Amino acid sequence: MEYGFLFTCILCDLVVQSLWTQLSAPIEFVSQMSFMGLILSIRNDEVKEYGLRFLVLCLIMNLFHYDSYPVYLLSFGISVVIVKYWYRHIGSSFIEWLVIMTLALFIREFVMYLGLVMFHNYVGSFMFFMAKRGVWVILINLLLFKFVMNIRSFFHGLLIKRTRRDFQ
């Protein structure tokens, strides 16, 4: 079910991203519903389980974004490790999820900037990067977070129905 959830988030990313490019908006935005889905799905999982999902998602993201090999791997990996540690200290209210998602997106954007500087010869300042891309990626994705939570609830409901059917 977790892979179905992530696959649905990836499809939603593709739809939102294609709609965004059709708008020709002056701000840079990259839909990160799949990343938010990954963050939601790692809470109760062991390292092997979420590690495999993380690697599959990074592979797919690197295929969709040409010439970005180590950047997504680093940014997703470091964010997942930090957020997994923070999960011990949060509850399950929507506000706490929103805060953890904001921090995860910020860490991912920060590591993305570092990766671009190190591997792809990006020469802009961090503040310019955040003003042009980072802030918009974080804010617009937070607006989409409730939609990702609804997708998660749908797949959780399917899992509960399947479990009940298997035990009857």
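Summary of the structure given here. (Residues numbered from 1 in each chain as written. Predicted model: local features only at pLDDT ≥ 70, side-chain atom pairs only at ≥ 80, totals over all residues. Heavy atoms only, no water.)

**Concerning the pattern of salt bridges**
For step 1, the next point in the chain: Under the defined criterion, the tally for this structure stands at six salt bridges.
For step 2, the next point in the chain: Across the pair Glu 2 and Arg 53 runs a salt bridge whose closest N-O atoms are separated by 3.7 Å. Residue Glu 2 is located in helix 1 (residues 2-23), and its partner Arg 53 is located in helix 3 (residues 47-64); the two are separated by 51 residues in the primary sequence.
For step 3, the next point in the chain: The class of Glu 2 is partly exposed, set by a relative accessible area of 21%. (Salt bridge = Lys/Arg side-chain N within 4 Å of Asp/Glu carboxyl O. Helix = DSSP H or I, 4+ residues; strand = E, 2+ residues; numbered from the N terminus. Buried < 20%, exposed > 50% of the residue type's maximum accessible area, 1.4 Å probe, protein only.)

**Some points on the packing of helix 2 (residues 33-41) against helix 5 (residues 94-119)**
What describes two packed helices is the angle between their axes and the distance between those same axes.
For step 1, the next point in the chain: One way to put it is that helix 2 packs onto helix 5 with a least axis distance of 11 Å and a crossing angle of 125°. One finds that helix 2 runs oblique with respect to helix 5. Between helix 2 and helix 5 lies a crossing whose hand is right-handed. Together, Phe 35, Met 36, Ile 39 and Leu 40 of helix 2 and Trp 97, Met 101, Ala 104, Leu 105 and Arg 108 of helix 5 make up the contact between the two elements.
For step 2, the next point in the chain: For the contact of helix 2 with helix 5, the per-class residue count stands at eight nonpolar, no polar and one charged. (Axes fitted to C-alpha atoms, helices over the stretch in contact; angles between N-to-C directions. Parallel < 35°, antiparallel > 145°, perpendicular 65-115°, else oblique. Left-handed = near helix turned anticlockwise from the far one by under 90°. Contact = heavy atoms within 4.5 Å. Nonpolar A, V, L, I, M, F, W, Y, C, P; charged D, E, K, R; others polar.)

**Description of the packing of aromatic side chains**
For step 1, the next point in the chain: Evaluation of the coordinates by the stated rule reveals 12 aromatic pairs.
For step 2, the next point in the chain: Centroid distance Tyr 113 to Phe 126: 5.3 Å. Interplanar angle 65°. Geometry classified as edge-to-face. Taken together, the residues Tyr 113 in helix 5 and Phe 126 in helix 6 (residues 126-167) connect sequence positions 13 residues apart.
For step 3, the next point in the chain: Phe 126 gets classed as partly exposed once you look at its relative accessible area, which sits at 23%.
For step 4, the next point in the chain: The rings of Phe 110, Tyr 113, Tyr 122, Phe 126 and Phe 129 are connected pair by pair, giving a single aromatic cluster.
For step 5, the next point in the chain: Taking the ring centre of Phe 5 as reference, the NZ or CZ of Arg 152 above it sits at 5.4 Å. (Phe/Tyr/Trp six-rings, centres within 6.5 Å; stacked < 30°, edge-to-face > 60°. Lys NZ or Arg CZ within 6 Å of the ring centre and 35° of its normal.)

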